[in-house]
Amino acid sequence: MVDVTRKYALKWMGGMALAMGMGAATALAQSKTKPGASDALIVVDVQNCFMPGGSLAVNEGDAIVPIINQLAKSFQNVVLTQDWHTPGHTSFASAHPGKKPFESVKLPYGDQILWPDHCVQGTEGAQLHKDLSIPQAQLVIRKGYHQDVDSYSAFIEADGKTKTGLDGYLKGRGIDSVYVCGLATDFCVGWTALDARKLGFRAAVIEDACRGIDTQGSLAAAWENMKRVGVRRMQSGDIA
Ligand SMILES: [Zn+2]
């Protein structure tokens, strides 16, 4: 009788250990996010002008290309964006006599940082990086093509009201969560994630698949603003 009880107890303990082991393995697997049909990856402005050697180079901008290529394999839905300015665009310092790049001006819609000329429509600099390889990408959305309005965000132009149409596209396809990567973290990526939240999407930024410009504390400010509205800060390794 004692033996039977002991055997039973041992078996029970063994079962418990097995269950706990499996539980730990399951928990580990569950800590990774597996994107599905209602998720989209938004790859922001991986364009030549933002690469080392480009007119508005982001430090290590090219380092994210292989990371994004790998990351995109986890997503059924991928949207690419291109900054797509007219020649002499209002966001260019060259369009404001006496102003230099990275200075600011007041425009009708608010403060505008002035940039070197970049991503002019149809130019080599506006092309996507040649090594970006996401054949399943379904949409390329261009932004910043209105002469007098900039657009960091892939959703809403810098006037705060003109939509690019991306939210309608995503909602029309039943997509409610976006994962944002690309260039640059503190401008086009960050503003895209902020607007995604504003428009009712869940949003995450994949930090190691982005690089920042970081002018006048802009990178820390961007992360703070994103945190405040519930943008998740993730790494590419968090995606299954
Ligand atoms: Zn631009």
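Here the structure is a predicted model, which means the values were calculated and not measured.

### Focus on the overall build of the protein chain
Thought 1: Broken down by element type, the protein chain carries five helices and eight strands.
Thought 2: Listing each helix as α and each strand as β along the protein chain from the N terminus yields α-β-α-β-β-β-β-α-β-α-β-α-β.
Thought 3: Of all 240 residues assigned to the protein chain, the portion counted as buried reaches 45%.
Thought 4: For the protein chain, the exposed area adds up to about 12000 Å²; of that, 58% sits on carbon and sulfur atoms.

### Digging into the confidence of the model for the protein chain
Thought 1: Overall, the prediction assigns the protein chain a mean pLDDT of 92, with 88% of residues at 70 or greater.
Thought 2: In this model, residues 7-17 is a region of pLDDT below 50 whose contacts with residues beyond four sequence positions or in other chains number zero contacts.

### Section: the environment of Val-120
Thought 1: Inspection of the secondary structure assignment puts Val-120 in the loop between β4 (110-113) and β5 (139-143).
Thought 2: Put simply, Val-120 and Pro-87 are 33 residues apart on the chain and 5.9 Å apart in space, counted from C-alpha to C-alpha.
Thought 3: Here Val-120 is in contact with His-85, Thr-86, Pro-87, Phe-92 and Ala-126, once residues within four sequence places are set aside.

### Observations regarding the coordination of the zinc ion
Thought 1: Every protein donor of the zinc ion is accounted for by Asp-83 (OD), His-85 (NE2) and His-118 (NE2), and the metal-donor separations fall at 2.0 to 2.1 Å.
Thought 2: Here the donor residues for the zinc ion map to a single chain with the spacing D-x1-H-x32-H.

### Some thoughts on the packing of aromatic side chains
Thought 1: Within this structure, the stated rule accounts for seven aromatic pairs.
Thought 2: Aromatic side chains Phe-155 and Phe-201 sit 5.6 Å apart centroid to centroid with 35° between the ring planes, which places their arrangement in the tilted category. Here Phe-155 is found in the loop between β5 and α3 (166-172), whereas its partner Phe-201 is found in the loop between α4 (185-198) and β7 (202-211), with 46 residues between them in sequence. This pair shows no difference in class: Phe-155 is buried, exactly as Phe-201 is.

### What about the pattern of salt bridges?
Thought 1: With the rule as written, the count across this model stands at ten salt bridges.
Thought 2: A salt bridge links Lys-130 to Asp-131; its shortest N-O distance comes to 3.3 Å.
Thought 3: Among the residues examined, Lys-130 registers a relative accessible area of 72% and is labelled exposed.
Thought 4: Overlapping salt bridges, with partners in common, bring together Asp-45, Asp-83 and Lys-143 in one network.

Criteria and cut-off values
Residues numbered from 1 in each chain as written. Predicted model: local features only at pLDDT ≥ 70, side-chain atom pairs only at ≥ 80, totals over all residues. Heavy atoms only, no water. Helix = DSSP H or I, 4+ residues; strand = E, 2+ residues; numbered from the N terminus. Buried < 20%, exposed > 50% of the residue type's maximum accessible area, 1.4 Å probe, protein only. Areas by Shrake-Rupley, 256 points an atom, 1.4 Å probe, with all protein chains shown as cover. pLDDT = per-residue confidence, 0-100. Contact = heavy atoms within 4.5 Å. Donors = N, O, S within 2.8 Å, 3.2 Å for Na, K, Ca; no water. Phe/Tyr/Trp six-rings, centres within 6.5 Å; stacked < 30°, edge-to-face > 60°. Salt bridge = Lys/Arg side-chain N within 4 Å of Asp/Glu carboxyl O.

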